[in-house]
Amino acid sequence: MNLMMQNPAAGAKGAFAAQIDALANRLKGKITLPTHSDYDDCRALALGQFDHRPLLVARVANAPDIADLLDFARSNNLPIAVRSGGHSTCGHGGCEGGVVIDLRALNTLDINCDEMTAWIGTGLSAGEVTNALEKHKLIIGFGDSPTVGVGGLTLGGGVGYFVRKHGLTIDSLLAAELVTANGDILIADNKQNTELFWALRGGGGNFGVVTRFKYRVHQLPEFTGGPMIMPATPEVLAGFVAAAEWAPEELSTILMVMPALPMPFLPPEIVGKTIILAMMAYAGPAASAQAALAPFRALATPLADLVGPAPFSSMYLPEPPGPKPAVSVRTLFMDGMSVAEAGKVLDVLEHCEAPMRMAQVRVLGGAAARIPNDATAYAHRDKRIMTAFLAMDGSPAAAIRHDAWVSSCIKALPQAIDGAYVNFLAAESDRLSAAYPAATWERLRQIKRQYDPENLFRLNQNIPPA
Ligand SMILES: Cc1cc2nc3c(=O)[nH]c(=O)nc-3n(C[C@H](O)[C@H](O)[C@H](O)COP(=O)(O)OP(=O)(O)OC[C@H]3O[C@@H](n4cnc5c(N)ncnc54)[C@H](O)[C@@H]3O)c2cc1C
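So, here is what we can say about the structure in this document. Position labels on residues start from 1 in each chain and follow its written sequence. This being a predicted model, a pLDDT of at least 70 is required before a residue's local features are given, and a value of 80 or more before pairs of side-chain atoms are given or counted; all residues contribute to the totals for chains, interfaces and linings. Remark: hydrogens and water are excluded; side-chain values derive from all non-hydrogen atoms of the structure.

## A word on the packing of aromatic side chains
By convention, a stacked pair of Phe, Tyr or Trp rings (six-membered ring in the case of Trp) has centres within 6.5 Å and planes under 30 degrees apart, an edge-to-face pair has planes over 60 apart, and any other such pair is tilted. The tally for this structure, following the rule as stated, stands at 13 aromatic pairs. Residues Phe 240 and Phe 296 carry aromatic rings whose centres are separated by 4.8 Å and whose planes lie at 50° to one another, so their mutual orientation is tilted. Of this pair, Phe 240 sits in helix α9 (residues 234-246) while Phe 296 sits in helix α10 (residues 286-297); the two residues are 56 residues apart in sequence, bridging distant segments of the chain. The rule is simple: take the accessible area with a 1.4 Å probe, protein chains only, and divide by the maximum for that residue type; under 20% is buried, over 50% is exposed, in between is partly exposed. A residue is classified by how much of its surface remains accessible, and Phe 240, at 0% relative accessible area, is buried. By relative accessible area, Phe 296 is classed as buried at 1%. Taken together, Tyr 161, Phe 162, Phe 223, Phe 312 and Tyr 316 form an aromatic cluster joined through their ring pairs. In this arrangement the basic side chain of Lys 383 is found over the ring face of Phe 333, its NZ or CZ atom lying 5.5 Å from the centre. Consider the ring centre and the ring normal. A charge sits over the ring if Lys NZ or Arg CZ is within 6 Å of that centre and within 35 degrees of that normal. Here the basic side chain of Arg 443 rests over the ring of Trp 198, its NZ or CZ set 3.8 Å away from the ring centre. Runs of E in the DSSP output that reach at least two residues are strands. Runs of H or I that reach at least four are helices, and both are numbered from the N terminus.

## A few points about the sheet that holds strand β8 (residues 173-179)
Taken together, the five strands give an open sheet; going across it, the order is β5-β6-β10-β8-β9, and neighbouring strands pair in antiparallel fashion. Looking at strand neighbours, the two that pair on one side only are β5 (109-112) and β9 (185-189), the edges of this open sheet. Pairs of neighbouring strands in the sheet enclose a mean axial angle of 15°, with direction left out of account. Strand pairing follows a simple DSSP-based rule, namely that at least 2 bridges must link the two strands. Two strands pair when backbone bridges link them, and β8 and strand β10 (residues 209-216) are joined in this way by six bridges, in the antiparallel orientation. Fitted lines through C-alpha atoms give the axes, limited to the stretch in contact for helices. The angle between two N-to-C directions lies from 0 to 180 degrees.

## Focus on the pattern of salt bridges
Basic side-chain nitrogens of Lys or Arg form a salt bridge, by our definition, when they fall within 4 Å of a carboxyl oxygen of Asp or Glu. Summed over all chains, the structure comprises 22 salt bridges. Of the charged contacts, one joins Asp 68 and Arg 26 as a salt bridge, the two residues approaching to 2.8 Å between their closest N and O atoms. Of this pair, Asp 68 sits in helix α4 (residues 63-75) while Arg 26 sits in helix α2 (residues 8-26); the two residues are 42 residues apart in sequence, bridging distant segments of the chain. Since its relative accessible area comes to 47%, Arg 26 is described here as partly exposed. Note that Glu 249 is salt-bridged to Arg 370, the shortest N-O span being 2.7 Å. With Glu 249 in the loop between α9 and β13 (251-259) and Arg 370 in the loop between β18 (356-363) and β19 (385-393), the pair connects residues that are 121 residues apart, well separated along the chain. Assessed through its relative accessible area of 56%, Arg 370 is described here as exposed. Each member of the salt-bridge network shares a partner with another, and the members are Arg 330, Asp 403, Glu 428 and Arg 431.

## Let's talk about the packing of helix α11 (residues 339-349) against helix α12 (residues 396-412)
The N-to-C vectors of α11 and α12 enclose an angle of 160°; their axes lie 10 Å apart at closest approach. Judged by the inter-axis angle, α11 sits roughly antiparallel to α12. Where α11 crosses over α12, the two elements pack in a sense that is right-handed. Only Trp 405, Cys 409 and Ala 412 of α12 make contact with α11, whose side of the interface consists of Lys 344, Val 348 and Leu 349. An angle below 35 degrees is treated as roughly parallel, one above 145 as roughly antiparallel, one from 65 to 115 as roughly perpendicular, and anything else as oblique. By convention the crossing between two helices is left-handed if the near helix lies anticlockwise of the far one by an angle smaller than a right angle, and right-handed if it lies clockwise. The contact criterion used throughout is that any non-hydrogen atoms of two residues lie within 4.5 Å.

## Examining unusual backbone geometry
Unusually for a residue other than glycine, Asn 77 sits at a positive phi of about 55°. Locating Asn 77 in the fold gives a position in the loop between α4 and β3 (80-83). Not every positive phi belongs to a glycine, and Asn 455 is a case in point at roughly 60°. Note on placement: Asn 455 falls in the segment after α14 (438-451). With relative accessibility at 12%, the residue Asn 455 sits in the buried group.

## Describing the nonpolar core
For the purposes of this section, nonpolar cores are sets of buried Ala, Val, Leu, Ile, Met, Phe, Trp, Tyr and Cys residues that join through side-chain atoms within 4.5 Å. If you look at the biggest cluster of nonpolar residues, it comprises 83 residues, and the most contacted ones within it are Leu 196, Leu 200 and Phe 312. The greatest single-element share of this core, amounting to five residues, is contributed by helix α8 (residues 194-200). The residues contacting Leu 196, other than those within four sequence positions of it, are Leu 178, Leu 186, Ala 188, Phe 207, Ile 447 and Tyr 451. Residues Leu 255, Phe 389, Val 406 and Ile 410 belong to the second largest nonpolar core, which totals 44 residues.

## Focus: the pairing of β18
β18 sits mainly inside the fold: eight of its eight residues count as buried. Summarising the sheet, β13 and β18 pair through four bridges and their orientation is antiparallel. Its bridge partner lying in β18, Val 257 is registered against Ala 359.

Pasting the structure below:
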C-alpha cells in the first residue's frame, strides 16, 4: 500500500526528502543535514552569538552546484545564506531553516608571477592566501584577521595593512566569476558586465555567488612590522593618529585601544590597564622604515616595541583559544582625532563591562583615497579615519548589553561624520544608508534589479531591487 496516498502531509514530506536526496546525488559537493554528525561543525560561524540551524549546509564543489542549489531553494521558497569565511558581523553566513551555500571547498589558488595576477577561490581565508603568496614575496592587502574569508571581505571593500600603499582589497580586484540568481555563470571585469563589476566592489553579496576572484598581486620584497604598545593618554592617541596621517604611504597602522592582555613582554602591573596596541605595517625597505617609525616612538616611551623586519604573516595575531566570543560592533568615519576626541574614546572604554572591549582606529588615505568616490560601490575614499568600537564576551546574552554600549560610543564622538563601512555594520537597517550615499545606493538598486530582481540574495546588507 502507498502510505503517501493515505496521508498527504507525510506524502509531501516524503517528496521533499526525496528532492533533497536527488539534490545530494546531483551535486559534486556534499550536503550536510541536521541528522549528520558533522552538522554542528558545518553550520558554525565565527562569531559566538549566531546559532542558526539551517535545513542543509551544501559544501559546493563548483559553479553548477551553486546554480542547482539556487534553483532548489527558489522552487521550495527557502532562504539562502552564502558562506565564505563565516565572519559576517550579522551572522549572514548562516540561516534558520534554509540553504547554506558553503564555499569553503572552492579553494583553488592560481598565481601567475609573470602577469602578477592570481585567481583565488572564494572559500579561502585571508591567511591562507597570504601564506601562499608569501612564498613568492607577493601580497594582496586583506584585513587584520587571517580567518576572515576573502569572499565577504572583498565584496565589502577590504581595509587592512596595505590600505595606504595599495588601496582597499577591491583596488587590486581585476575580475570576478559568479553565479547569478538565475543560474548564469558570468565574468565581471572592466570589459564585460562592467556595471556588475562596479557593484561587486563594495556592494556585498547582493548580486550573485562569487566563485573566484582575480586579483593583481604586489611585490613585497621587504616588510617591517609588528606591535608597538604605548601608554593610553589622550595626547599619545591623538598624536599617534596625526603621525599616521602624515606618515609615508608605505606605512599603514591599525590602533587598538584596549585593556592589556597578559603578554610575556609587558610588565605585569600593566595587565588589565588600557593601552594603545598599534600594529605597524611598513611595506618597504627596512632602512627607510626606521625614519617612518621615528615620529611614533618620539610620542612617548613605548611600553613594548616589537616592530622590526619580519614576514608579513607575523602580523596575524594568534586567536585566543576557547569558545568563540560574541562580538558587538559599531563603526564610524572621522575626519581627524583631536586630543579632546581621543579623551572621549578613552573615557567610553571605561564604561563597558565586557572582558575585552576596544576602539579600533584605522588611518586611511594614500592609495585608497586617490581613486574617485564613485569609481566603486565603496564610496568613502575621502574619509580619513575609520573607527570601530568592539565588545567581546563569552555569552550571547551579554552581546545585547554590549550592543547598547557600542551604539552609545559612536554617538559620544562629537565630530562623527555621516558614513559607515558596510563590512563593520551590525544588523542596523537604519545605518545601511550611511554605507551607501544616495547616488551609489540608487545605482546599486538598478544593478540589483538587473541581476536579482526577486531579491533571492537577501540575507546580507540588503540592497532591494529598484
Ligand atoms: C574578527 C574579524 C576581523 C575583521 N577584520 C577586518 C579587517 O581588517 N578589514 C575589513 O575590511 N574587514 C574586516 N572584518 C569584516 C569582514 O570583512 C566582514 O565581516 C566580511 O563580510 C567577512 O567575510 P567572510 O567571508 O568571512 O564572512 P561570511 O559570513 O561568509 O560572509 C559575509 C557576507 O558576505 C557574503 N559573501 C561571502 N562570500 C561571498 C561570495 N563568494 N559570494 C557572494 N556573497 C558572499 C555573505 O553572504 C555574507 O552576506 C573583520 C571581521 C571579523 C569578525
